[in-house]
Amino acid sequence: MSDTTTPVDIDEAATNLLNPLVPRPIDLPTALPLEGTLPPETGDIAKVFAAPDDPTLWPAWRAALRRWRDDAVVRLADDGAVYERPETRWTQTCFSVALVWLWDERLFDRDAGRFDVAGFLARTADHGGFDGVVLWHAYPVIGIDDRNQFDFYRDVPGLSDVVAAFHEHGVRVFLDYNPWDTGTRRAPHDDAEELALVAGELGVDGVFLDTMKEGDSRLVSTLLGAHPPLVLEGESRVPNQRVVDHQLSWAQWFADSSAPGVMRAHWLERRHMMHSTRRWNRDHSDELQAAFMNGTGMLVWDTVFGVWVGWNDRDKATLRRMLRIQRAASGLLIEGEWTPLVDATEAALAAGVYVSRFDGRGALAGVTLWTVVNRGDDDVTLPVLVPFADAAGAGPDPSSRSFADVGSGRRLGEDDRVDDALVLPVPARGLTAVVGVAGGVDEPDWLEPLIAAAAADAVEHDATFPDRRAERIRAVHSGRPAPADASVVRVTAAESELPLTHRRRETGMYQGAPYVEEWKPLPPRLHDDRSETVLATVAEVDVATREVSNAEYAAFLAATGHRPRDTSRLLPDWIDGRPAAGTDEMPVVSIDLEDARAYAAWVGGRLPTEHEWQVAAGLPGFERRTPLVWNWTESEHTDGITRFVMLKGGSDHVSTGSDWYTDGGPREPSFSLKLLLTGLGVDRSPSIGFRVAWDAS
């Protein structure tokens with residue numbers, strides 16, 4: 001009998017037996033033999049090649065790195081053609097990318113009902129500006145009904161204008177592709193073609209491959225062959241064989257060696273851009289230093305699927321410093337001769353300060369960049385580096401060179417030397433850099449502006465987490481008691497501990513990130529069923545026995561002429577403004593939270609809170625209409641970035657085939673679904689209705 005078992009991706013293996021606060025074995029850097037060869041099955045997927053602990057071994061390690069790269073280039077026979085395309089060379093300098101929930105309140109002005117790209121970029125400018133954004137759109141709300149991932153882009157009015165606005169500010173735009181979306185309605189074409197079509201409709205530049213290290217051959221050929229061509233960015237360690245056609249990748253959950261190591265994919269192909277990230281971290285200094293020493297970029301992800309994990313002031317200041325240097329000196333980082341871990345003094349190494357060098361070639365011959373990081377927790381000012389201590393790449397006499405500290409923003413003179421070493425201040429957990437220009441060589445035109453910009457931006461030391469709390473933003477009251485003919489159940493006023501059940505997702509629940517400082521959370525610690533209690537205060541309230549029906553909502557529209565500002569997806573199954581025949585007693589659906597509130601106000605009531613709904617559901621007389629639909633509740637929260645509500649009751653609809661879909665199916669009254677709020681009608685779902693409550697006293 002043949003073995004048909006699907007191979008297990010070790011990156012997705014269960015983590016329940018591992019300490020979540022330390023790197024998994026697969027996240028650790030790989031030791032590169034100083035003699036002999038590294039098997040391709042190991043070397044082709046390594047995350048980082050670890051630097052030896054002993055500095056005397058670094059010359060041999062650098063030689064081993066060069067041998068490994070030479071062997072891999074010959075073995076893989078990559079001509080680098082994809083990196084030569086003029087249309088996509090921008091990827092090589094795409095140093096900072098933000099992963100942004102499309103309905104982030106810094107981007108989507110909910111009160112005005114419009115996107116504000118300029119406002120978003122201004123509100124996030126303290127990160128140093130973004131070269132690209134991933135507009136995340138569907139997860140974690142996809143699965144609430146039968147809409148597929150492409151619908152969640154196409155249902156957004158004016159999204160192509162949002163993309164155009166980012167382009168006007170010089171920011172590239174990525175869509176995200178969810179290969180696991182197989183249980184919703186099928187699009188007319190296969191995923192590759194549908195993705196290319198949506199990308200063309202919106203005018204985006206690239207595609208982020210969610211949960212994928214690499215795209216399959218169909219996806220790759222379709223996207224690369226689009227007009228204009230689209231670039232692909234894989235999540236985590238893209239294998240060597242795919243560096244040829246994936247111009248970017250995430251360096252996600254990459255553990256580094258004590259002395260900064262070398263990222264394998266970028267060492268193989270210097271034009272391959274990588275973005276370091278650990279999404280649950282409150283301290284990003286390790287990622288920043290690894291990226292800086294490799295000449296690669298960062299992914300800024302301060303709101304993970306609705307959970308705030310914002311950057312502290314120190315790390316934002318470090319990112320700004322890093323990006324200024326990288327953008328100015330990109331020619332050195334991409335085309336220069338990269339010599340890792342060289343030229344540092346013994347005093348620097350003893351303090352945990354490390355140096356690498358990028359020597360210019362071609363038009364930048366005679367110009368050198370030294371990148372410097374401080375692994376320690378204290379600021380230091382000491383002799384950091386001896387230019388060309390290894391005598392390689394020195395060219396003209398180093399003493400004839402001029403030097404500038406482009407981290408703090410000043411030119412270095414004789415007072416900044418001790419013997420042959422340059423004395424530099426290097427901030428704790430931070431970085432700096434030196435640019436050297438040989439005598440007789442013209443300074444690059446970016447050097448003086450870089451010095452001036454660096455001098456104007458002070459070092460920041462505050463590493464305090466910038467906490468945000470999600471607050472309930474609406475007063476809960478009704479205008480009058482329930483009408484005499486209303487069918488209700490009476491909830492008694494009480495303060496009590498209520499059971500709360502939910503499925504643990506990356507959204508968390510009311511407050512806080514669920515996996516702070518953790519490495520990759522996977523089942524059974526993700527998607528598992530959770531139970532807890534919440535202290536809830538409920539008023540004396542009458543809750544409608546059943547959801548509002550189509551007929552009742554039609555009467556409301558006829559009486560009030562209610563028409564929301566945006567009518568997208570509003571009651572799409574109605575015919576000529578009326579429910580379809582035979583559906584009068586079904587629950588009204590495809591209305592959003594504001595539509596539901598408007599009806600409740602018309603009958604003198606309000607929506608029940610999630611706690612009132614739960615208590616009422618346990619009382620005699622509480623009913624559900626058919627088909628079963630989730631119920632909106634008066635539980636809107638915001639932390640200033642993300643809005644969400646708690647849905648109650650479950651629905652007949654359930655999307656199957658992936659744990660990444662949101663919850664469906666009938667649910668017990670204790671179960672709450674945290675639903676991130678979208679806008680412009682995208683919240684309107686055939687799986688969500690509502691019922692009314694009235695204050696009884």
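Residues numbered from 1 in each chain as written. Predicted model: local features only at pLDDT ≥ 70, side-chain atom pairs only at ≥ 80, totals over all residues. Heavy atoms only, no water.

### Considerations on the sheet that holds strand β7 (residues 206–209)
Spatially, the eight strands close up into a barrel ordered β2-β5-β6-β7-β8-β9-β11-β12, and their pairing is parallel. Direction aside, the axes of adjacent strands within the sheet are offset by 25° on average. Packed onto the sheet, helix α7 (residues 217–224) meets β6 (172–177), β7 and β8 (231–234) and runs at close to 140° relative to β8. Packing of helix α10 (residues 285–294) onto the sheet brings it into contact with β11 (273–277) and β12 (297–300), and relative to β12 it is tilted by some 150°. (Pairing = 2+ DSSP bridges. Helix = DSSP H or I, 4+ residues; strand = E, 2+ residues; numbered from the N terminus. Axes fitted to C-alpha atoms, helices over the stretch in contact; angles between N-to-C directions. Contact = heavy atoms within 4.5 Å.)

### Concerning the pairing of strand β23 (residues 431–437)
By the criterion of burial, β23 is predominantly enclosed, with seven of the seven residues buried. Residues Leu431, Ala433, Val435 and Val437 line one face of β23 and the alternating positions Thr432, Val434 and Gly436 line the opposite face, and both faces are buried. Bridge count for strand β17 (residues 367–374) against β23 is seven bridges, and the pairing is antiparallel. The partner of Val372 across the bridge, within β23, is Thr432. (Buried < 20%, exposed > 50% of the residue type's maximum accessible area, 1.4 Å probe, protein only.)

### Some points on the packing of aromatic side chains
In this structure the tally under the stated criterion is 32 aromatic pairs. Between Tyr553 and Phe690 the ring centres are 6.4 Å apart and the planes differ by 85°, which places this aromatic pair in the edge-to-face class. Of this pair, Tyr553 sits in helix α15 (residues 550–560) while Phe690 sits in the loop between β33 (688–689) and β34 (693–695), and the two are 137 residues apart along the sequence. Pairing Tyr599 with Phe690 gives two aromatic rings, centres 5.6 Å apart and planes at 70°, and the pair type is edge-to-face. Highlighted residues: Tyr599 in helix α16 (residues 593–602) and Phe690 in the loop between β33 and β34, separated in sequence by 91 residues. With a relative accessible area of 0%, Phe690 lands in the buried category. Grouped by ring-pair contacts, the aromatic residues Trp136, Tyr139, Trp180, Phe208, Trp250, Trp301, Phe305, Trp660 and Tyr661 constitute a single cluster. (Phe/Tyr/Trp six-rings, centres within 6.5 Å; stacked < 30°, edge-to-face > 60°.)

### Regarding the pattern of salt bridges
Scanning the entire structure with this criterion turns up 63 salt bridges. For Arg24, the salt bridge is made with Asp27, and the minimal N-O distance between the two is 2.8 Å. For the pair Arg24 and Asp27, one class covers both residues: buried. The partner of Glu235 in a salt bridge is Arg279, and the shortest N-O contact between them spans 3.1 Å. You can see Glu235 sitting in the loop between β8 and α8 (240–243) and its partner Arg279 sitting in the loop between β11 and α10, a full 44 residues away along the chain. Look at Glu235 and you get buried, because its relative accessible area is 11%. Relative accessible area serves as the criterion here: at 7%, Arg279 is assigned to the buried category. (Salt bridge = Lys/Arg side-chain N within 4 Å of Asp/Glu carboxyl O.)

### Here's the deal with the sheet that holds strand β18 (residues 380–385)
Taken together, the three strands give an open sheet; going across it, the order is β18-β22-β21, and neighbouring strands pair in antiparallel fashion. Here the strands that pair on one side only, and so sit at the sheet edges, are β18 and β21 (417–418). Pairing of β18 with strand β22 (residues 421–426) involves five bridges; the strand directions are antiparallel. Among the inter-strand pairings, Thr381 is bridged to a residue of β22, identified as Pro425.

### A word on unusual backbone geometry
Put simply, Tyr139 and Pro140 share a cis peptide bond, and its omega is 15°. With respect to the element layout, Pro140 can be found in the loop between β5 (132–136) and α4 (151–154). His227 connects to Pro228 through a cis peptide bond whose omega is -5°. Inspection of the secondary structure puts Pro228 in the loop between α7 and β8. Of note in this structure, Asp343 is not a glycine but carries a positive phi near 75°. Checked against the element boundaries, Asp343 lands in the loop between β15 (337–339) and α13 (346–350). The backbone phi angle of Asp576 is positive, close to 55°, even though this residue is not glycine. Along the chain, Asp576 falls in the loop between α15 and α16.

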